[in-house]
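Inside the fold
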Amino acid sequence: MSDEPQPQPQQPNRGWASGTPDAAGKAKKAKRPKRTGWRRLIPTWRIVLSTVVIGLLLVVGGFFLGYHLVQIPAANALATKQSNVYLYADGSVLARDGEVNRESVGLARVSKDAQHAVLAAEDRDFYSESAIDPMAMVRAGWNTATGQGKQSGSTITQQYVKNYYLAQEQTVTRKVKEFFIAIKLDREKSKDEILEGYLNTSFFGRGAYGIQSAAQAYFGVDAKDLTAAQGAYLASLLNAPSQYDVVAHPENRPAAEARWNYVMNGMVDKGWLSASDRAAAKFPKPKQSTISTNLSGQRGYVVNIVRKYLIDNGIVEEEELDRGGYRITTTLQKDKQDAFVKAVDDKLISQLDQKERKVDTYVRAGGASVDPKTGKVVAMYNGIDYVKQYTPGATRRDFQVGSTFKPFVFTSAVENHSETQNGRTIDPNTRYDGTSERPVQGWAGGRYAPENEDQRDYGNVTVREATDKSINAVYAQMAVDVGSDKVMQTAIDLGLSKNTPELTPSPSIALGVATASPLDMAEAYATLANHGRHSTYTLVEKVMKDGKQEVELPERREHQAVSREAADTTTSVLRSVVQNGTASAAQAVGRPAAAKTGTAEEDTAAWFAGYTPDLATVVAVMGQDPKTAAHKSLYGAMGLARINGGGAPAEIWSQYTRNALKGEPVADFDLQLQAGADVTAPPSSDASDEPGDGEESGSGDPDASSTGDEDGNGSDTPGDSGSSTPPGDVGGTESDPPSTGGGTPGSGGPSTEPGPTGGGDSGGDTGDDSSNGGTGPGGGDTDGASGGDTGFPGIPVTPRRQ
């Protein structure tokens, strides 16, 4: 064995890497192996730590930068808005919808129950949380998603900042400002001060800003006297002020009650309300809405009709309109509006003696005037005073239009090149049998034998004569010859809403059983005056927001609704009614005019519809019980035996039209007539052919006796005189089964005048197909809308005055 040292086994190096001695005898550190595969995708802890640190520095830096840059501003303009301004077309002020109803009160003047209700509805942890609570946003989203009630994701502090300092738009910039202002406000003001400000600036509907105004508007009490149930209802309104007003929108009551229950249960959960008090609480009944006296006269009607027009046409949202700040220029012309009011006062209102004649207390009036060339509504009459009679007379749809509908039957005949049942083209000189209660021929829906006014028999008469004298028997037969479905479509094309109550295809359609509004009828007659070109009516010229932002209006559209030949030939026939028939009072206007009179069933309404080349106007005088809203006959009104369309309505029309067009050049009608319509056939020689006005339409009773038998009793059937057509001849009849003409005239009937809110009429709309309910104050539903039931198929059971 050698004495030299033996090499020792080397121990593995457990350090970071095995090393080898360098020239100096020091060990070198080995290089770390490179990351391979999926490990390369995972950031190292150094990268993660650096990113977190840099991110925190940026957030903190951004926070401090934003905190110092964003200052608490002065109150925004919205917080001090007081009214919307409605202007005549010339820019003069028509009405203001009232100053914003706001009365600020200290927190001590708000009941604890009401305070707690608002907290339960909007921010239950308000007193314990900071101004910004991200968890509240998450909680609100969860509550909404799980059906526990919609809750704002913002704290009360944030909502107060939005209401008082900022605008309502949903933008990132606004939310960033809201974030920093809320933090600053939370440091500068106490929670009580912030809650007080929130309660005084929040919108509760009915024009009420602040809880004091809301307490008065809904319950007639001060905020300090609000109960838990009342406070919970007001707190519910913060979520949807318009929809949850159960007086204005009774159809939304289930949703309002659900929200109320959510608030009440939240008060119990937070210990603000005992379980026993909660169990005893009942959903409160708000009072009727009150009316500001600055809306007296015609102003209130106009404001509500224009408001509904803006909302229904999507021009301005209801809540935004309620917040105010809009300057609305209407199409109404002040001189014409004043002339309309004066004409009604002179020819109707001044003739009433409500102390001596009870029937005079029933008298109502409505009317509308349209520029045929533009479709602009230039004047309206709605009632004696908005604060006394709430239902707007110009837009209500619950009185029959009577014989003012007959021109639409003739227009449809010319438009559709219709023929009598023996094959003769219908024109102004076509002869029909005008015997009262003569059964119509060719109608498969059952026996229908309408009466003429006072059961007069006229014998064989031309269409022109039948229009002059408003003969029911002729026009009922003509409706069958044309096809009552086609007649209905023509009326819609001219301007009537397809939702017009009682507008159904049957022979009685010719007698005006439909209950269109004066504004609807004015629009349709304006189409005739405009040679068949229809332009949907408009009430608004311009809308400005905050005096600088113009709101976009719908594009005006015009189209040829019926042929010029059909419209102009109808005009020539209606000119004869003025010259020789029931509308002779219109001659007083002193310029060419075309017109038609009409009377509703049992004389509950009298109509006059007419036009010059420059102006189409419809006037209606209606009978309504001021307490029940039931339709009432006008026999004896004004001290007269009866009010016909050729009486007060025609006199109002003539005075208004004469004054409205004063100073304007006299224009004549430029007509393009149906072939042969320019020649007038000789009149009949019947001894009883005096003009009628408000004609009785037939009973439709199968057992009722008529002047003729089932085949006409020797009288000539409609068509050429001297030829007879047996019953059942289908020439000119409809092939489809008739629609039932019965039913209710609208969604709920007319509103009772004593009630200050609710539907303004029988569910009709101000225009197009939208509902008119709510255009003005009114009360509950009544059964006075239609004035009588109708039987199958659309045939009146009781005589109707047309």
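So, here's what we can say about the structure. Owing to the predicted nature of the structure, the values given are computational and were not obtained by experimental measurement.

**Overview of the overall build of the protein**
A tally of helices and strands in the protein yields 20 helices and 20 strands. Counting only contacts in the protein whose residues sit at least 6 apart along the sequence, the fraction spanning at least 24 positions is 73%. As presented, the protein carries roughly 34100 Å² of accessible surface, and 51% of it is formed by carbon and sulfur atoms.

**Considering the pairing of strand β6 (residues 363-370)**
Most of β6 sits out of view: eight of its eight residues are buried. Side chains Val363, Ala365, Gly367 and Ser369 of β6 all project onto a buried face; the interleaved residues Arg364, Gly366, Ala368 and Val370 project onto the opposite face, where all are buried too. The sheet contact formed by β6 and strand β16 (residues 616-623) spans eight bridges and is antiparallel. From the neighbouring strand, Ala365 faces β16, where its bridge partner is Val621. Here four bridges tie β6 to strand β7 (residues 377-381), and the two strands are oriented antiparallel to one another. By the bridge assignment for β7, Val370 is matched with Val377.

**Side note on the sheet that holds strand β12 (residues 549-550)**
Sheet architecture is open: five strands sit in the order β2-β1-β5-β11-β12, paired in mixed fashion. Strands with a single pairing partner mark the edges of an open sheet, and in this sheet they are β2 (93-96) and β12. With five bridges connecting them, strand β5 (residues 326-330) and strand β11 (residues 540-545) associate as antiparallel partners. Bridged to Thr330 within β11 is Val540.

**Comments concerning the nonpolar core**
Grouped together as the largest cluster of nonpolar side chains are 126 residues, with contacts concentrated most on Phe405, Phe408 and Met478. Listed in part, the 45 residues of the second largest apolar core include Leu119, Ala121, Ala215 and Tyr262.

**Observations concerning the side chain of Thr361**
Its location among the elements puts Thr361 in the loop between α13 (334-347) and β6. At 2.5 Å, the side chain of Thr361 forms a polar contact with the backbone oxygen of Lys358. Among all residues touching Thr361, those that are not within four sequence positions of it are Gln354, Gln624 and Pro626.

**Brief notes about the sheet that holds strand β15 (residues 605-611)**
Within the open sheet, the five strands sit side by side as β7-β6-β16-β15-β14. Their pairing is antiparallel. The two strands at the open ends of the sheet, each matched to only one other strand, are β7 and β14 (594-599). Taking each pair of neighbouring strands and ignoring which way they run, the sheet shows an average axis angle of 5°. Sitting on the sheet, α13 touches β6, β7 and β16, and the angle it makes with β7 is about 30°.

**Remarks on unusual backbone geometry**
The phi angle at Gln455 is positive, at roughly 55°, despite the residue not being glycine. Along the chain, Gln455 turns up in the loop between β8 (431-433) and β9 (460-462). Positive phi values are uncommon outside glycine, yet His531 reaches one of about 60°. Relative to the assigned elements, His531 resides in the loop between α18 (518-529) and β10 (533-535).

**A closer look at the packing of helix α2 (residues 112-122) against helix α8 (residues 228-237)**
The geometry of α2 relative to α8 is characterised by a closest axis approach of 8 Å and an angle of 40° between their N-to-C directions. As summarised for this structure, α2 and α8 are arranged oblique, according to the angle between their axes. Here α2 runs over α8; the crossing is right-handed. Residues Asp113, Ala114, Ala117, Val118, Ala121 and Glu122 of α2 form the contact with α8, whose own contacting residues are Ala228, Gly231, Ala232 and Ala235. Here the contact of α2 with α8 is composed, by residue class, of seven nonpolar, one polar and two charged.

**Structural notes on α2**
Across the 11 residues that make up α2, a large majority, nine, are buried. For α2, every residue scored as buried is listed here: Ala114, Gln115, His116, Ala117, Val118, Leu119, Ala120, Ala121 and Glu122.

**A few points about helix α14 (residues 406-415)**
Across the 10 residues that make up α14, a large majority, nine, are buried. Taken as a whole, α14 has its buried residues at Lys406, Pro407, Phe408, Val409, Phe410, Thr411, Ser412, Ala413 and Val414. Buried residues in α14 make contact with α15 (463-468), α16 (472-482), α17 (484-494), α18, α19 (564-580) and β14. Positive backbone phi, at 50°, marks His417, one or two positions downstream of α14.

**Regarding the packing of aromatic side chains**
All chains considered together, the criterion is met by 16 aromatic pairs. Geometrically, the ring pair formed by Tyr301 and Tyr386 is edge-to-face, given 5.4 Å between the ring centres and 80° between the ring planes. You can see Tyr301 sitting in helix α11 (residues 299-312) and its partner Tyr386 sitting in the loop between β7 and α14, a full 85 residues away along the chain. Overall, Tyr301 belongs to the buried group, its relative accessible area being 1%.

**Some points on the environment of Leu528**
Among the secondary structure elements, Leu528 is positioned in helix α18. Classification of Leu528 by relative accessible area gives buried; the value is 1%. Remark: the alpha-carbon pair of Leu528 and Thr569, spanning 41 residues in sequence, is separated by 9.4 Å. Not counting residues up to four positions away in its chain, the partners in contact with Leu528 are Phe408, Thr411, Leu494, Ala567, Thr570, Thr571 and Tyr611.

**Notes on the environment of Gly207**
Among the structural elements, Gly207 can be located in the loop between α6 (191-201) and β4 (208-209). Gly207 sits 112 residues away from Glu319 along the chain, and the two C-alpha atoms are 9.4 Å apart.

**Topic: the packing of α14 against α17**
What describes two packed helices is the angle between their axes and the distance between those same axes. As a packed pair, α14 and α17 sit with axes 9 Å apart at the nearest point and diverge in direction by 105°. In terms of axis orientation, α14 runs roughly perpendicular to α17. Residue-level contacts link Phe408, Val409, Thr411 and Ser412 of α14 to Lys486, Val487, Thr490, Ala491 and Leu494 of α17. Here the residues of the contact of α14 with α17 sort into five nonpolar, three polar and one charged.

**A short note on the pattern of salt bridges**
Tallied over the full model, the rule gives 23 salt bridges. The closest approach of N and O atoms between Arg564 and Asp568, which form a salt bridge, is 2.9 Å. Of the two residues, Arg564 and Asp568 both sit in helix α19, four residues apart, roughly one turn of that helix. A relative accessible area of 0% means that Asp568 is categorised as buried.

Rules used in this analysis
Residues numbered from 1 in each chain as written. Predicted model: local features only at pLDDT ≥ 70, side-chain atom pairs only at ≥ 80, totals over all residues. Heavy atoms only, no water. Helix = DSSP H or I, 4+ residues; strand = E, 2+ residues; numbered from the N terminus. Contact = heavy atoms within 4.5 Å. Areas by Shrake-Rupley, 256 points an atom, 1.4 Å probe, with all protein chains shown as cover. Buried < 20%, exposed > 50% of the residue type's maximum accessible area, 1.4 Å probe, protein only. Pairing = 2+ DSSP bridges. Core = buried A, V, L, I, M, F, W, Y, C linked by side-chain atoms within 4.5 Å. Polar contact = N/O pair within 3.5 Å; in protein donor to acceptor, adjacent residues only side chain to side chain. Axes fitted to C-alpha atoms, helices over the stretch in contact; angles between N-to-C directions. Parallel < 35°, antiparallel > 145°, perpendicular 65-115°, else oblique. Left-handed = near helix turned anticlockwise from the far one by under 90°. Nonpolar A, V, L, I, M, F, W, Y, C, P; charged D, E, K, R; others polar. Phe/Tyr/Trp six-rings, centres within 6.5 Å; stacked < 30°, edge-to-face > 60°. Salt bridge = Lys/Arg side-chain N within 4 Å of Asp/Glu carboxyl O.

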